[in-house]
Amino acid sequence: MPIPAWSLESLISTLFTGEKLPGENSDNPPWPSSFEDEYRRITAANCLEKDFGHLKEAVDALQRFAEAGDVPEARMRCVALLGLRRTIKPLIEQLLKDVEPELRLYAIEYLLVHEPERFPELEEKFSEEEDWEIQETLELFRNGEPIPLFYYDMPKQ
């Protein structure tokens, strides 16, 4: 069965609601049923970027979901897509305060790559951080070692 061509409106709706995409087979989805909501939303985000990324409305939807979506994994995918498009900078400060550690770490990695002079500020801000990936990243940077980019996917030049 060929993949249906979804409209901009249906992709935006699925991203924000998790509702099935038009033509989606409910009997045998291509993902585990326990992950149905997040995979459906990630699929919608990917299709929005791939098929409609040239439209402001699609990019705005990705931005809005990245800021305040209700599925962390799908938020992370929207953030990554915005980063690859080089449109993530306005969201970085908000991500530093996010409740999700993956989103905080994305922002830290972004800043260490693009604004390394902010390291002292980041080190102080996250000195009590419990997430091991954040602590490891800051420690490696402090020691002058290359940092692993767990979440930040640098745009291709």
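All of the points below concern the structure found in this document.

Parameters at a glance
Residues numbered from 1 in each chain as written. Predicted model: local features only at pLDDT ≥ 70, side-chain atom pairs only at ≥ 80, totals over all residues. Heavy atoms only, no water. Helix = DSSP H or I, 4+ residues; strand = E, 2+ residues; numbered from the N terminus. Buried < 20%, exposed > 50% of the residue type's maximum accessible area, 1.4 Å probe, protein only. Contact = heavy atoms within 4.5 Å. Lys, Arg positive; Asp, Glu negative; His and termini not counted. Charge placed at Lys NZ, Arg CZ, Asp CG, Glu CD. Core = buried A, V, L, I, M, F, W, Y, C linked by side-chain atoms within 4.5 Å. Salt bridge = Lys/Arg side-chain N within 4 Å of Asp/Glu carboxyl O. Expected span 1.5 Å × (residues − 1).

**As for the overall build of the protein**
- For the protein, the helix and strand inventory stands at 8 helices and 0 strands.
- When the elements of the protein are put in sequence order from the N terminus, they spell out α-α-α-α-α-α-α-α.
- Overall, the C-alpha framework of the protein stretches about 55 × 30 × 25 Å when taken along its three principal axes.
- Put simply, the protein has 157 residues, and 45% of those count as buried.
- Considering only intrachain contacts with a sequence separation of at least 6, the fraction spanning at least 24 residues in the protein is 51%.
- Counting 17 positive and 33 negative side-chain charges, the protein places the averaged centre of each group 6 Å from the other.

**Considering the nonpolar core**
- Formed by 46 residues in total, the largest nonpolar core has its most connected members in L48, V79, I88, L95 and I108.
- Every element with two or more residues in this core is listed here: helix 1 (8-17), helix 2 (36-52), helix 3 (56-68), helix 4 (72-84), helix 5 (92-96), helix 6 (101-114), helix 7 (119-125) and helix 8 (132-142).
- Considering every element that reaches this core, the biggest residue donor is helix 6, with 8 residues.
- With near-sequence residues (within four places) excluded, L48 lies in contact with L8, L11, I12, L15, G53, A58, A61 and L62.

**Remarks on the environment of D51**
- Inspection of the secondary structure assignment puts D51 in helix 2.
- What makes D51 partly exposed here is its relative accessible area of 34%.
- In this structure, the C-alpha to C-alpha distance between D51 and L105, residues 54 residues apart in sequence, is 28 Å.

**Things to note about the pattern of salt bridges**
- On inspection of all chains with the given rule, the structure shows 13 salt bridges.
- Across the salt bridge formed by R75 and D98, the nearest N and O atoms sit 2.5 Å from each other. Of this pair, R75 sits in helix 4 while D98 sits in the loop between helix 5 and helix 6, placing them 23 residues apart in sequence. Residues R75 and D98 agree in their burial class; the two are buried.
- Connected via shared salt-bridge partners are K89, E93, E115, R118 and E121.

**A look at helix 3**
- With 13 residues, helix 3 ought to run about 18 Å at 1.5 Å a step, and its terminal C-alpha atoms sit 18 Å apart, in line with that.
- Looking at helix 3, one finds that the buried residues are A58, V59, A61, L62, Q63, F65 and A66.
- The secondary structure elements touched by the buried residues of helix 3 are helix 1, helix 2 and helix 4.

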